[in-house]
Amino acid sequence: MPELTVLYFAHLRDQRGLDSERITSTATTARYLYRELVQRHGLTLPERTLIVAVNEAMVRWDAPLADGDTVVFLPPVSGG
Amino acid sequence: MEDFQVTDRPIDLAAWRRRLDHPQAGGLVIFEGVVRDHHQGRAVRHLDYQGYAPLAVRVGSEILVAARTRWPLLAALGCHRVGHLEVGEAAVWIGTAAAHRAEAFAACAWIMDEVKARVPVWKQETFADGTVEWSQGTIMRSAAPE
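Structure report, in brief.

What follows is about the nonpolar core. Ranked by internal contacts, the top residues of the largest apolar core, which has 44 residues, are Leu74(A), Tyr52(B), Leu55(B), Ile111(B), Val119(B) and Trp122(B). Contributions of two or more residues to this core are made by β3 (51–54) and β5 (70–74) of chain A together with β4 (42–51), α2 (53–70), β5 (73–81), β7 (90–98), α3 (101–118) and β8 (121–127) of chain B. It is α3(B) that provides the largest number of residues to this core, a total of seven residues. Contact partners of Val119(B), with chain neighbours within four places excluded, come to Val77(A), Phe4(B), Ala56(B), Val59(B), Gly60(B), Ile63(B) and Glu114(B). If you look at the next biggest cluster of nonpolar residues, it comprises 21 residues, including Leu12(A), Ile23(A), Leu50(A) and Val52(A).

Listed below in structure tokens is the structure:
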């Protein structure tokens, strides 16, 4: 199974209780990975409010994941 | 030095201002976003920002490049602070330089709007009554390829 690094920010960091973690997952896309994390950890932010980044670039929810990828689910932003 | 930066130290306002100097510039516009002591009628004690720095720098830099294609700018720079901020501290700094003021004003305002909509930074407010809340925020505008 591919090993992934997941980074958490803001609400998701609070809900997960971690800044980052390495996980092994059968998820083939970012969408399936997020659904898995929702099931495991009770994350509450709806997919439609999040943007996905893989390896520091924004990608679509159905972008494939590969061993060693770093995945980030970005909550609504509030800079400035 | 990168034109757009994310820093966990106080923004060096004088140093950023010096980077706008240009002999052809007739107008420099600087926006400083500072921490205020209230939000929607509630007293704010302090703020804490988180940022996904590598992507924030990339998106911020793209915004500055886009601004330079829209207006004839001599300089376009930005910096966002992360970490713990007290009331009065600068959270964000945007600076533009152009031959004439109209372009510098327009570009500075546009860059700031884009930064708020697209740069992955999150603001958490601690209120005077001790409650702690993430700002509601706006769904991040993606540049993911279709």
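All names here are of chain A. For the structure on display, the rule yields seven aromatic pairs over all chains. Measuring from centroid to centroid gives 4.9 Å for Tyr-34 and Phe-73, while their planes differ by 55°, and the two rings are tilted. Note that Tyr-34 is positioned in helix α2 (residues 30–41) and Phe-73 in strand β5, a separation of 39 residues in sequence. Plain terms: the ring middles of Trp-61 and Phe-73 are 5.7 Å apart, the flat faces sit at 20° to each other, and that makes the pair stacked. With Trp-61 in the loop between β4 (57–59) and β5 and Phe-73 in strand β5, this pair connects stretches of sequence that are 12 residues apart. Taken individually, Trp-61 and Phe-73 each receive the classification buried, so the pair is uniform in this respect.

Moving on to the side chain of Thr96(B). All names here are of chain B. Looking at the secondary structure, you find Thr-96 in strand β7. One polar contact links the side chain of Thr-96 to the main-chain carbonyl oxygen of Ala-104, over a distance of 2.7 Å. Among all residues touching Thr-96, those that are not within four sequence positions of it are Leu-20, Gly-27, Leu-28, Val-29, Ala-75, Ala-76, Ala-104, Ala-107, Cys-108 and Ile-111.

Here we come to the state of the cysteines. Put plainly, two cysteines are in a disulfide when a covalent bond ties their sulfur atoms together. For the structure shown, the criterion picks out zero disulfides over all chains. In this structure Cys79(B) is a free cysteine whose sulfur lies 14 Å from that of Cys108(B), the closest cysteine sulfur available.

As enumerated under the stated definition, the model contains 14 salt bridges over all chains in all. The salt bridge partner of Glu47(A) is Arg35(A), with a shortest N-O separation of 2.9 Å. On the criterion of sequence distance, the pair formed by Glu47(A) in the loop between α2 and β3 and Arg35(A) in helix α2 is long-range, its members being 12 residues apart. Taking relative accessible area as the criterion, Arg35(A) reaches 41% and is therefore assigned partly exposed. For Glu36(A), the salt bridge goes to Arg40(A), with nearest N and O atoms at 2.6 Å. Of this pair, Glu36(A) and Arg40(A) are both found in helix α2, four residues apart, which corresponds to roughly one turn of the helix. The class for Glu36(A) is buried, based on a relative accessible area of 19%. Look at the salt bridges and you will find they share partners, linking Glu62(B), Glu114(B), Arg118(B) and Arg141(B) into a network.

Parameters at a glance
Residues numbered from 1 in each chain as written. Chains lettered and ligands numbered in written order. Predicted model: local features only at pLDDT ≥ 70, side-chain atom pairs only at ≥ 80, totals over all residues. Heavy atoms only, no water. Core = buried A, V, L, I, M, F, W, Y, C linked by side-chain atoms within 4.5 Å. Buried < 20%, exposed > 50% of the residue type's maximum accessible area, 1.4 Å probe, protein only. Helix = DSSP H or I, 4+ residues; strand = E, 2+ residues; numbered from the N terminus. Contact = heavy atoms within 4.5 Å. Phe/Tyr/Trp six-rings, centres within 6.5 Å; stacked < 30°, edge-to-face > 60°. Polar contact = N/O pair within 3.5 Å; in protein donor to acceptor, adjacent residues only side chain to side chain. Disulfide = S-S within 2.5 Å. Salt bridge = Lys/Arg side-chain N within 4 Å of Asp/Glu carboxyl O.

Purely geometric numbers; function is a separate question.
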